[in-house]
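Results of the structural survey
Chain by chain, the residues run as shown.
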Amino acid sequence: MLKNIKESYQHSYFLYLKLIIAGIIIGFIVGIIDTIFGRGLIWIGDIRKEYLYYFVPFLALAGLLIVFIYQKFAGKTGKGMGLIFEVGHGTEKEIPLRLVPILTVATWITHLFGGSAGREGVAVQLGATFSHRFNKYFNFPDKSKVFLVTGMAAGFGGLFQTPIAALFFGLEVLALGNLQLYALLPAVVAAFTASWTSSFLGLEKFTHIVNTTLSITPTMFVKFAILGIIFGFAGNLFVYLQSFLKKFAAEKIKNPYYRIFIIGIFLSIILLLLHEGRYTGLGTNLIENSFLGKPIFGYDWILKLLLTTWTLAAGFQGGEVTPLFSIGASLGVVIAIFFGLPIEFVAAAGYISVFGSATNTLLAPIFIGGEVFGFNNLPFFVIIVIFAYLVNRKISTYGLQKNYFEEIE
């Protein structure tokens, strides 16, 4: 009996050691991939800004190239984040490696020609695709989910260099209300390793410490709650429009080539007319303006929201998170005056809360707030993010996210 117990413990320790080593390898490789992808996006964004009228007018033609690439080479990888969630829920078993070059190139094309899209979805998919290969070296229950979550955490952590937030994003995004704690060990190792790797290789990290002298009084609690509800509605508006526009565009223009070409022409015109490309790309310009005291217009957040949802509905590639950050930050600047709160603080709260509401994540946005804006603000962020999260937990920008609360009702 004692011998069996001892062997059981030895087996557990050996498995933990293997998972730690796997987490280090995954984090290191994914950190390198994130750096190549992220620095490529920065370089492409700089080129687009300098030669705006050489690229943005041809967004529709770039869209045709993206559709051709996906029709010709993608296969089931064309499902994007949907495929990652299908593997996580056990309805699919494999993530083809070709997802990495196809998605990377398609996203670079989208950004070069001015599409309003993000980048995190790409990093998460790249991380999950690579880490999923480690299944064959292990034999324990739920190993597929373990390495999927590990790769997602590494992808997010390497790109944004917020490893704690990345860990919880990976743990909570697959299923609303159910943390995937079985992946805790390799995920935390991979998230930190990926973050350190991309930082060492020179990938930029956005950090802006917000110093406040606020305290949680009953009046302040109510203000925080109202802010959270407003940001929650903004996040849900993004999700509703994204879902509606995808269905609407697919029904009205069934051919994907016609669809992306027609919407691409419309987007090119609008993106050039509206402040000459202000709403192209990731939206980091709006984030910078929000925290450096540069001009933010009252309509910036809604225009970025509309143009991002249309870009993704047309079939252009990219993520949603960075645009959500920019939507939340610019909305925060606009409404801060009505609450008598510091502009930078409300912008930071919007940055994390709109993201949390749209993705149905609670812990990840709270820790993004700490890692990006300073952990001294964490008590305030907790209240705001909770109320944003509670606005509507039935929808998500990730359509295949499981809702654990619905399953137990």
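Look above for the structure.
Described below are features of the structure shown in this document. None of these values were measured; they are calculated from a predicted model. (Residues numbered from 1 in each chain as written. Predicted model: local features only at pLDDT ≥ 70, side-chain atom pairs only at ≥ 80, totals over all residues. Heavy atoms only, no water.)

1. Observations regarding the packing of helix 13 (residues 300-314) against helix 14 (residues 321-339)
Keep this limit in mind: To get an axis, a line is fitted to the C-alpha atoms, and for a helix only the part in contact is used. The angle between two axes follows their N-to-C directions and goes from 0 to 180 degrees. Note on conventions: DSSP H or I runs of at least 4 residues are helices, E runs of at least 2 residues are strands, and numbering of each starts at the N terminus. Note on angle classes: values under 35 degrees are labelled roughly parallel, values over 145 roughly antiparallel, values of 65 to 115 roughly perpendicular, and the remainder oblique. Two helices cross in a left-handed way if the nearer one is turned anticlockwise from the farther one by less than a right angle. They cross in a right-handed way if the turn is clockwise. By definition in these notes, contact holds between two residues if any of their heavy atoms fall within 4.5 Å. Only Asp, Glu, Lys and Arg are considered charged in this grouping, and only Ala, Val, Leu, Ile, Met, Phe, Trp, Tyr, Cys and Pro are considered nonpolar; every other residue, Gly among them, is considered polar.
Contact geometry for helix 13 and helix 14: axes closest at 8 Å, N-to-C directions at 160°. Relative to helix 14, the element helix 13 lies roughly antiparallel. For the pair helix 13 and helix 14, the sense of crossing is left-handed. Between helix 13 and helix 14, the residues in contact are Asp300, Trp301, Lys304, Leu305 and Thr308 and Pro323, Ser326, Ile327, Ser330 and Leu331, respectively. Considered class by class, the residues forming the contact of helix 13 with helix 14 number 5 nonpolar, 3 polar and 2 charged.

2. Focus: the side chain of Thr35
Which entries qualify depends on this criterion: By the criterion applied in these results, polar contacts are pairs of N or O atoms within 3.5 Å in which, for protein atoms, one can donate a hydrogen and the other can accept it, and in which residues neighboring in sequence qualify only through two side-chain atoms.
Mapped onto the fold, Thr35 is located in helix 1 (residues 2-50). At a separation of 2.7 Å, a polar atom in the side chain of Thr35 contacts the main-chain carbonyl oxygen of Gly31. With sequence-adjacent residues up to four places away left out, Thr35 is seen in contact with Gly40, Ser198, Leu201 and Leu203.

3. Observations regarding the environment of Glu172
Within the secondary structure layout, Glu172 lies in helix 8 (residues 163-172). In this structure the C-alpha to C-alpha distance between Glu172 and Leu362, which are 190 residues apart in sequence, comes to 8.1 Å. A distance of 3.1 Å separates a polar side-chain atom of Glu172 from the backbone nitrogen of Leu363.

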